[in-house]
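Structural description and commentary
One-letter residues, chain by chain:
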Amino acid sequence: MRKLLISSLFVFILTGINAQPSKFKTILYGVSYYHEYMPYERLEKDVQMMQEAGITVVRLGESTWSLFEPEEGRFEFACMDRIIDRMQKAGIKVILGTPTYSIPAWMAKKHPELFVERLDGSKSSYGIRQNFDITNPTYLFYCERIIRKMMEHYAKHPAIIGYQVDNETHDYGAANYDYFRGFVDYMKNKYVTTDTLNKLWGLNYWGMTLNGWDEFPTRSNATNPSYKLEWDRYTVKVVADFITWQAQIVSEYKRADQFVTHDFMPWISSVDQLAATKKLDMPALNVYHGSQNDVKGEDVMWPDDFYRSVEKNNHIITETNAQSIGWDSKGQYPPFDGQGRLFVYSHIACGANMVEYWHWHSNHYGQETYWKGVLGHDLEPNRFYYEVSKTAHELQKIGSKLVNLKIKNSVAILYSRDSEFGLGYMPFKDGNAYMEVLRQMHRAAFRQNIGVDFVLAENADFTGYRLLLVPPLYIASDALLNKISAFVKSGGHVIMSVKSGFCDENSVVRHIKAPGPLREACGLYYQEFSNIKSLTLLADPFKAGNEKNKVTDWVEFLIPETAKPLAVYDDPFLGKYPAVTENRFGTGSLIYEGCLLSDEIQAQILTNKAIEIGLIGKDQLKYPVVVKYGKNDQGKTIRYYLNYSENEQAVVYNYNDGLNLFTNNVIKKGESLKLGPWDLLIVEE
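Because the structure is a prediction, the values reported are computed rather than measured.

What counts as what
Residues numbered from 1 in each chain as written. Predicted model: local features only at pLDDT ≥ 70, side-chain atom pairs only at ≥ 80, totals over all residues. Heavy atoms only, no water. Helix = DSSP H or I, 4+ residues; strand = E, 2+ residues; numbered from the N terminus. Buried < 20%, exposed > 50% of the residue type's maximum accessible area, 1.4 Å probe, protein only. Areas by Shrake-Rupley, 256 points an atom, 1.4 Å probe, with all protein chains shown as cover. Lys, Arg positive; Asp, Glu negative; His and termini not counted. Charge placed at Lys NZ, Arg CZ, Asp CG, Glu CD. Core = buried A, V, L, I, M, F, W, Y, C linked by side-chain atoms within 4.5 Å. Contact = heavy atoms within 4.5 Å. Pairing = 2+ DSSP bridges. Phe/Tyr/Trp six-rings, centres within 6.5 Å; stacked < 30°, edge-to-face > 60°. Lys NZ or Arg CZ within 6 Å of the ring centre and 35° of its normal. Salt bridge = Lys/Arg side-chain N within 4 Å of Asp/Glu carboxyl O. Expected span 1.5 Å × (residues − 1). Arc of directions from axis to C-beta. Axes fitted to C-alpha atoms, helices over the stretch in contact; angles between N-to-C directions. Parallel < 35°, antiparallel > 145°, perpendicular 65-115°, else oblique. Left-handed = near helix turned anticlockwise from the far one by under 90°. Nonpolar A, V, L, I, M, F, W, Y, C, P; charged D, E, K, R; others polar.

Further remarks concern the overall build of the protein chain. A count of helices and strands for the protein chain gives 17 helices and 28 strands. Each principal axis of the C-alpha atoms in the protein chain carries an extent, and together these give about 75 × 75 × 50 Å. Taking all 685 residues of the protein chain together, the buried fraction comes to 60%. On the protein chain, roughly 26900 Å² of surface is accessible, and the fraction owed to carbon and sulfur atoms is 51%. Taking the average place of the 74 positive charges on the side chains of the protein chain and the average place of its 82 negative ones, the gap between the two points comes to 4 Å.

In this section: the nonpolar core. One finds Phe216 and Leu402 to be the most contacted residues of the largest nonpolar core, which totals 218 residues. Per-element tally for this core: the top contributor is helix α8 (residues 225–253), with 14 residues. With near-sequence residues (within four places) excluded, Phe216 lies in contact with Phe180, Phe183, Val184, Met187, Leu197, Trp201, Leu210 and Tyr227. Counting residues in hydrophobic clusters, the runner-up holds 12 residues, among them Tyr655, Ile667, Leu673 and Val683.

Ordered by their spatial adjacency, 5 strands build an open sheet running β22-β23-β28-β25-β26, and the pairing between neighbours is antiparallel. Edge positions in the open sheet fall to β22 (625–631) and β26 (666–667), since each of these has one partner strand only. The pairing of strand β25 (residues 658–660) with β26 spans 2 bridges and is antiparallel. From the neighbouring strand, Leu659 faces β26, where its bridge partner is Val666.

Time to look at the packing of aromatic side chains. For the structure shown, the criterion picks out 51 aromatic pairs. Considering the side-chain rings of Tyr34 and Trp358, the 5.9 Å spacing of their centres and the 50 degrees angle between planes classify their relative orientation as tilted. Pair noted here: Tyr34 is in the loop between β1 (28–32) and α1 (43–53) and Trp358 is in the loop between β9 (352–357) and α12 (383–402), with a separation of 324 residues, a long-range link. Classification of Trp358 by relative accessible area gives buried; the value is 7%. Ring plane angle 25 degrees and centroid distance 5.0 Å describe the contact between Phe529 and Trp554, whose orientation is recorded as stacked. Placement of the pair is Phe529 in strand β15 (residues 529–536) and Trp554 in strand β16 (residues 550–556), with a sequence separation of 25 residues. When its relative accessible area of 38% is taken as the criterion, Phe529 is described as partly exposed. Since its relative accessible area comes to 5%, Trp554 is described here as buried. The ring of Tyr623 carries Arg447 above its face, with NZ or CZ at 3.8 Å from the centroid. Lying over the aromatic face of Phe529, Lys499 brings its terminal NZ or CZ to 5.8 Å of the ring centre.

Next up on the list: the side chain of Arg219. With respect to the helices and strands, Arg219 occurs in the loop between α7 (194–200) and α8. Despite its burial, Arg219 pairs with no opposite charge; the closest candidate is Asp232, at 5.6 Å N-O.

When the terminal C-alpha atoms of helix α15 (residues 478–489) are compared, their 16 Å separation across 12 residues agrees well with the 16 Å that a helix rising 1.5 Å per residue should span. Regarding α15, the residues found buried are Leu480, Leu481, Ile484, Ser485, Phe487 and Val488. Burial along α15 is one-sided: seen end-on, the buried residues are contained in an arc of 155 degrees. Facing away from the buried surface of α15 by more than 90 degrees, the exposed residues are Ala479 and Lys489. Contacts from the buried residues of α15 go to β10 (411–415), β12 (467–470), β13 (493–496), α16 (519–522), β19 (578–585) and β20 (588–593).

Within the open sheet, the 3 strands sit side by side as β15-β16-β21. Their pairing is antiparallel. The strands lining the two open edges of the sheet, one partner per strand, are β15 and β21 (595–597). Looking at each pair of strands side by side, their axes are set apart by 15 degrees on average, direction ignored. Here helix α17 (residues 599–612) sits on the sheet in contact with β16 and β21, set at roughly 90 degrees to β21.

Viewed as axis vectors pointing N to C, α8 and helix α13 (residues 417–425) meet at an angle of 135 degrees, and their least axial separation amounts to 10 Å. Considering their axes alone, α8 and α13 lie oblique with respect to each other. In terms of crossing hand, the pair formed by α8 and α13 is right-handed. Two secondary-structure elements touch here, α8 through Pro225, Lys228, Leu229, Asp232, Arg233 and Val236 and α13 through Arg417, Asp418, Phe421 and Tyr425. A breakdown of the residues in the contact of α8 with α13 according to their chemical character gives 5 nonpolar, no polar and 5 charged.

Structure representation (structure tokens):
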């Protein structure tokens, strides 16, 4: 279809967003709104309540394919027109979603071949969303048609500031014939001949040598780790390609002042973020976490840290906790007073330019009946609504000082999707060991108020960082390992977990002493390893305390060459091998952990190194007080003090005189301040 021609004069400078689509003028605060879910007509009432609460943005349309196209080829937009027009009249901005994550019933009936066929042979069917093969040509035909019809109809609407393509996309477990043929084409393009695979993957094992692509086996019964790795690499590429494809279609129509985004979940192994965000103006996040006494600040903020790092830019929150969450009623824990407000400012403190709730009201039917919105089932103002209103009116006053926060950190965590996959094929413990260590390292830094970015293994750049945290880097190329060694040699510091450097980029074990190319930087090697249940470190070297002075699951028999032991096992056999070592290499250092550590030991190792290299800030505050800071558009430093506890906390402000943005009172350097339960303070220095 022909692209809509949009006059350059038809560019709106909207309240809340500049003509540059990724540049916001203030913090946006809002909800997903689904009038089509309401039990009765109440658009006017909802808009009135939103205006009174101070809502500035709504997200619409991502579940409405069956309304936009109730029968094949018949398109109806009047219902949504009415809602968007009313939002425009109210001064509420709109983000419109493409509705492709839930297909209409007529499509399911006509094209059952769209449904996902899984590796175990089971097949999806109608009745739940995201149940189809996103590479299926028929599905893609219908997707493109509805997206183009929508964009032709809505691109000029002045209320719409941006578009969300699809929703929480992943591969849905597809192993359909079309999906497999796409994988074979991907393999041909990457490896050209099966002789290459025979050599790289060791297919002589079990006599599985391939003589051509017509012999290439399906994934269903594959046992070769290299095959599994490429399959998983393909799945994350498929997801990224699908998001990019939709973004390119939308971009043919959108105005220059409108943005394109996609709402990612914090399952960071499910998509290639670098590829998926290339055609997006910013990433969006759907972040859910605990509440009441089960809330942890790191659970709220670590996805912000990750996605802020992908493109080194700001992001938006398209979904997060309102009252309570759950696909049943067993997890109904509405937040305590103040927690909802605290969560909003936590995301903003990590670089978010918008926070939206899923969703405005609580459903009266369907799977998500108990995934409650701002309004409860009675659809009337309530405790949470009034807290939203308080937060919204604060943001109307101070949002322009908080938006586009630029955050510069000295510590990074190296994320390797391949390593997460690889340890899943050959696990050494129950659960996702890779993510457990990654989250542990992030938690250790977070609770010491040491700001952290993420660096992706695919384009790892350690420039500007002083300390690099490395979860089990099980799969890595020589080039990446050499880059880590060079970082240490030139003055960087590394804390590295088990199994790093063990396999090459094909998930093939290196045929040299572990840790392979890291040996010189680590100052050690090992040839043996063992599973364990639990061991104690001799003399509690990190002062973790008797119950926490434990290591678990895996031990590598480290043999130091230039490395110095920091801890040894209290064990008659393993006691001759160090548990943790440190090596001075060039002008930097590398700490290697030859076992899995308790949280307390990991935190102390990080703290000791941070103190040594001067990364502990003037505040010296620890969790439950969370400290975040960055530069705003005016070049001023904004400092957040967030209390993640039910108890009042005392803090001392140790920086240049500043302004309390909530009260406009001056705060003097050295002044003692009080943070109430679940409360916060924002200071403009």
